[in-house]
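Here are the chains, one letter per residue:
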2 protein chains.
Amino acid sequence: MSKNFNDLLSKVSQCEKKKLSVACAQDKAVLEAVKAAKEREIADSILVGDEAKIRELGAALGMNMDEYEIINVEDTVEASLKAVSLVHDGKADMYMKGLLDTKTFLKSVLDKEVGLRTGKPLSHVCVFEIPGFDRLLFLTDVAFMPYPTLEDKVNIINYTVEVAKACGVDCPKVAPLAAVEVVNPKMPVTVEAAELTKMNEEGQITGCIVDGPLSLDIALYKEAAEEKGALDRKVAGDADILLFPDIHAGNLVYKAIVHMVDVKNGNILTGTKAPVILTSRSDSCEAKVNSIALAAVVAEEMKKAN
Amino acid sequence: MSKNFNDLLSKVSQCEKKKLSVACAQDKAVLEAVKAAKEREIADSILVGDEAKIRELGAALGMNMDEYEIINVEDTVEASLKAVSLVHDGKADMYMKGLLDTKTFLKSVLDKEVGLRTGKPLSHVCVFEIPGFDRLLFLTDVAFMPYPTLEDKVNIINYTVEVAKACGVDCPKVAPLAAVEVVNPKMPVTVEAAELTKMNEEGQITGCIVDGPLSLDIALYKEAAEEKGALDRKVAGDADILLFPDIHAGNLVYKAIVHMVDVKNGNILTGTKAPVILTSRSDSCEAKVNSIALAAVVAEEMKKAN
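Scoring rules and cut-offs
Once a new chain begins, its residue numbering starts again from 1 and follows that chain's sequence as written. Each chain gets a letter, beginning with A, and each ligand a number, beginning with 1, in the order they are written. This being a predicted model, a pLDDT of at least 70 is required before a residue's local features are given, and a value of 80 or more before pairs of side-chain atoms are given or counted; all residues contribute to the totals for chains, interfaces and linings. Derived side-chain values reflect all non-hydrogen atoms in the structure, with water molecules and hydrogen atoms excluded from consideration. The atoms used to superpose the copies are C-alpha atoms, taken from residues with pLDDT of at least 70 in both, and the fit is least squares. The criterion used for residue contact is that any of the two residues' heavy atoms lie within 4.5 Å. Summed over both partners, buried area is the accessible surface (1.4 Å probe) that two parts give up on being assembled. Take a side-chain nitrogen of Lys or Arg and a carboxyl oxygen of Asp or Glu: if they are within 4 Å of each other, that pair is a salt bridge. Think of a polar contact as two N or O atoms within 3.5 Å of one another; within protein, one of them needs to be a possible hydrogen donor and the other a possible acceptor, and neighboring residues in sequence only count if both atoms come from side chains. Helix and strand assignments follow DSSP, with helices taken as H or I runs no shorter than four residues and strands as E runs no shorter than two, numbered in order from the N terminus. For this scheme, ten residues count as nonpolar: Ala, Val, Leu, Ile, Met, Phe, Trp, Tyr, Cys and Pro. Four count as charged, namely Asp, Glu, Lys and Arg, and the remainder, Gly too, count as polar. Burial classes: relative accessible area under 20% of the type maximum marks a residue as buried, over 50% as exposed, and values in between as partly exposed (1.4 Å probe, protein chains only). The criterion is simple. A nonpolar core is a set of buried Ala, Val, Leu, Ile, Met, Phe, Trp, Tyr and Cys residues joined through side-chain atoms within 4.5 Å. For helices, the axis comes from a line fit to the C-alpha atoms of the stretch in contact; other axes are also lines fit to C-alpha atoms, and the angle between any two N-to-C directions lies between 0 and 180 degrees. The cut-offs work like this: below 35 degrees is roughly parallel, past 145 is roughly antiparallel, 65 to 115 is roughly perpendicular, and the gaps in between are oblique. Take the far helix as your reference; a near helix turned counterclockwise from it by less than a right angle gives a left-handed crossing, and one turned clockwise gives a right-handed crossing. Between any two strands, at least two bridges found by DSSP are needed for them to pair. Pairs of cysteine sulfur atoms within 2.5 Å are identified as disulfides in what follows.

Engineer: Teacher, can you tell me more about the relation of the copies chain A and chain B here?
Structural biologist: Superposing the two chain copies requires a rotation about an axis and a translation along that axis. Placing chain A over chain B gives an RMSD of 0.0 Å and needs a rotation angle of 180 degrees, together with 0.0 Å of translation along the axis. In symmetry terms, the pair is related by a two-fold rotation axis. Nearest to the rotation axis, the C-alpha of alanine 249 of chain A is located 1.9 Å from it, this being the minimum over chain A. When the interface residues of chain A are mapped onto chain B, 100% of them again lie at the interface, so the same face is used by both copies.

Engineer: Can you help me understand the interface of chain A and chain B in this one?
Structural biologist: It is common to report an interface's size as the accessible area lost on association of the parts. At the interface, 35 residues of chain A touch 35 residues of chain B. In total, about 2,800 Å² of surface goes out of reach between chain A and chain B, with carbon and sulfur atoms giving 76% of it. Considering only the side of chain A, the residues that lose the most area to chain B are His248, Leu252 and Met260 of chain A, jointly responsible for 24% of the buried surface there. Summed over the shared surface of chain A and chain B, the number is two salt bridges. In this structure, lysine 255 of chain B and aspartate 217 of chain A form a salt bridge, with 3.8 Å as the shortest nitrogen-oxygen distance. Seen at the junction of chain A and chain B, the total is two residue pairs in polar contact (both at pLDDT 80 or more). Take the side of chain A that touches chain B: its biggest share by element is eleven residues, from helix α10 (residues 247–260) of chain A. For the side of chain A that touches chain B, the per-class residue count stands at 24 nonpolar, five polar and six charged.

Engineer: In this structure, what is going on with unusual backbone geometry? I would like to understand it.
Structural biologist: With the exception of glycine, most residues fall at negative phi, and the peptide bonds are largely trans. Residues and elements named next belong to chain A. In this model, threonine 140 is joined to aspartate 141 through a cis peptide bond whose omega is -10 degrees. Of note, aspartate 141 is situated in the loop between β6 (137–140) and α6 (150–166). One non-glycine residue, cysteine 24, lies in the positive phi region at around 55 degrees. Inspection of the secondary structure assignment puts cysteine 24 in the loop between β1 (18–23) and α2 (28–39). Residue cysteine 24 is classed as buried on the basis of its relative accessible area of 1%. Despite not being glycine, glutamate 41 shows a phi value in the positive range, around 55 degrees. Note on placement: glutamate 41 falls in the loop between α2 and β2 (43–49). Note on glutamate 41: relative accessible area 56%, which makes it exposed.

Engineer: I'm lost on the pattern of salt bridges in this one. Help?
Structural biologist: Two side chains bearing opposite charge may form a pair once their charged atoms approach each other closely. Under the definition given, this model contains 36 salt bridges over all chains. The residue glutamate 301 of chain B makes a salt bridge to lysine 304 of chain B at a minimum N-O spacing of 3.8 Å. In this pair, glutamate 301 of chain B and lysine 304 of chain B are both assigned in helix α11 (residues 285–305), three residues apart and thus about one turn of the helix distant. Residues joined in a network through salt bridges with shared partners are Lys17, Lys38 and Asp44 of chain A.

Engineer: Explanation requested: the side chain of lysine 97 of chain A in the structure shown.
Structural biologist: Residues and elements named next belong to chain A. Structurally, lysine 97 can be placed in strand β4 (residues 94–97). A distance of 3.0 Å separates the side chain of lysine 97 from the backbone oxygen of leucine 100, its partner in a polar contact. When sequence neighbours within four positions are dropped, the list of residues in contact with lysine 97 reads Ala23, Val30, Thr102, Phe105, Ile277 and Leu278.

Engineer: What should I look at first to understand the nonpolar core in this one?
Structural biologist: In a soluble, globular protein the nonpolar side chains are often hidden away together inside. Core analysis: the largest hydrophobic core is formed by 64 residues, its most contacted members being Leu242 of chain A together with Leu242 of chain B. With residues near it in sequence (within four places) discarded, leucine 242 of chain B still touches Phe138, Leu139, Thr140, Ala175, Leu177, Leu216, Ala219 and Leu220 of chain B.

Engineer: Please explain the packing of helix α4 (residues 76–88) of chain B against helix α5 (residues 102–109) of chain B as it appears in this structure.
Structural biologist: Residue and element names in this part refer to chain B. The interhelical angle for the contact between α4 and α5, taken along N-to-C directions, is 40 degrees, at an axis separation of 9 Å. Of the possible angle classes, the one that applies to α4 and α5 is oblique. Of the two elements, α4 crosses α5, and the hand of that crossing is right-handed. Across the interface between the two elements, Thr76, Val77, Ser80, Leu81 and Val84 from α4 touch Thr104, Ser108 and Val109 from α5. A class-by-class count of the residues in the contact of α4 with α5 yields four nonpolar, four polar and no charged.

Engineer: Looking at this structure, how should I read the side chain of asparagine 200 of chain A?
Structural biologist: Among the structural elements, asparagine 200 of chain A can be located in helix α7 (residues 188–201). Non-local contacts of asparagine 200 of chain A, meaning those with residues more than four positions away in its chain, are made with Ile205, Cys208, Ile209 and Val210 of chain A.

Engineer: What am I meant to see in the pairing of strand β5 (residues 123–129) of chain B here?
Structural biologist: Residue and element names in this part refer to chain B. Buried residues dominate β5, accounting for seven of its seven residues. The side-chain alternation of β5 yields two buried faces, one formed by Ser123, Val125, Val127 and Glu129 and the other by His124, Cys126 and Phe128. As paired strands, β5 and strand β10 (residues 264–270) are joined by seven bridges and run antiparallel to one another. Considered in β10, the bridge of serine 123 is made with threonine 270. Across three bridges, the pairing between β5 and strand β6 (residues 137–140) is antiparallel. What sits directly across from phenylalanine 128, in β6, is leucine 137.

Engineer: I would appreciate a short explanation of the environment of alanine 166 of chain B in the present structure.
Structural biologist: Residues and elements named next belong to chain B. Tracing the backbone through its elements, the reader meets alanine 166 in helix α6 (residues 150–166). Exposure remark for alanine 166: the relative accessible area of 1% places this residue in the buried category. Remark: the alpha-carbon pair of alanine 166 and lysine 120, spanning 46 residues in sequence, is separated by 20 Å.

Engineer: Teacher, can you tell me more about the state of the cysteines here?
Structural biologist: Disulfide: a covalent bond formed between the sulfur atoms of two cysteine residues. Residues and elements named next belong to chain A. Under the defined criterion, the tally for this structure stands at zero disulfides over all chains. Considering cysteine sulfurs only, cysteine 167 is the nearest to cysteine 15, which forms no disulfide, with 10 Å between them. Assessed through its relative accessible area of 17%, cysteine 15 is described here as buried. As a non-bridged cysteine, cysteine 171 has cysteine 208 as the owner of its nearest cysteine sulfur, 6.5 Å distant. On the accessibility criterion, cysteine 171 (38% relative accessible area) is partly exposed.

Below, the structure is given as structure tokens:
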């Protein structure tokens, strides 16, 4: 089990070397991450985009551009379609956003001809290494799907269980979170959390243990679970996956932790045929590299499954 | 302005000494807080409840019981009604929950004859002192009102502005939070946040500056606001009041911060005629004392207003 990102990087080094395809790679921060991923033997990269600019930025960063395949496509839309098609065609293992807007990038991900759509909705997982925890935590969905329905939540759990398994968590514990740990008919989120728990008990959601609704303290802290007489809950104090009620709750918690706690994090899109890295400009280089490592172990797991 | 709880305690020492009425005071943790509040000259207390038990617990805690007025009412409901009536009748300034269930306690708060109802709905504010911040932060509603409507949110802002002012914040900056900082018709929370902003601009919400929707990072961190080109926002990086979309978002953020960050906190109910302290068993003694101090400055402000 990868207890932290260092473990995850070790795990990557035991996999077959992965290849990353970058759309519109003419971006300093993205090239820095690509360079670090190369140096740390996490992944090689194919850089699709404005070759002149890529070479110029790469040289400024001290990159040896002979180590990278560069495909010159200046038009943004065309570059994204070319880059995603490399993954679609098996020439690369994972797909990363460079200097293009998110909308265009996602359009390429969902392209019917050359994209990575599965027919299921896209979602997102953020992986946190938080001091004091003996394991990685998987937060979902904190960035992508605004108001997941019950069906969406089933998909999100399945996606995230796959990611957690790729990180070595055999049977992840899933906590559908709410303000309270009891079902309250006036709080639809708690009813849905109980429904997800029942679906898990009845074998409709497998490969994990689901137990909700849970408050954040009971999900993550044994002392809190004990104090509240909730130690008999299946997921008391040792949740791996935190399923948020909606994007507002997820995103606000995500940003509070990122800014107030000394965390390491990485994140990928889910619901795609191959791992997709959609980092934001505010992510540190380390977060981008962690995301590439996360994508690499997920790509390895997907390959095994096929 | 009270930059932290130490400042708040100094502020309390400049107010006329306040009196706290405790319902069912036969509770060790509550008596510890009452004792600390007495010793630190934050408040005197009237202890209503099972006198024998109160005296026994007090003696075990080394309290000089001659310093406290004790009113013997053994029945829980009667004790709560007696305790709240002391505040209703002006014999005490604030009301605190002891060893009784929340439902019974709230019933006394809302009692038509002797309670503290205003006709407006109850809400709750949590005050955080977080390392790295030069001010106290006011989070609402993280514990009480499940799904506030637009009208509720106007009330919540008014309540919390009053609390912030009692803590010395002249014109609090209010951030109605969401996952994003732009209005998105598909996200009702963002539309409501914009409506609250407009109501503030048009003078329907006064005594504060409201600016939403805002993401948590833009609301609290200037660097994030700068990076996202949002420095022109009225509340960029210096929000005092964080207004949450609903109780799930609020409570999950609250618990993440309480457990992961070295914070100090205090909290009171709002929407009442006098400050009401409804701490939970999991709150530390320090948090309970901070809540009493917070209640004291709010009581002082309410007295000034009348």
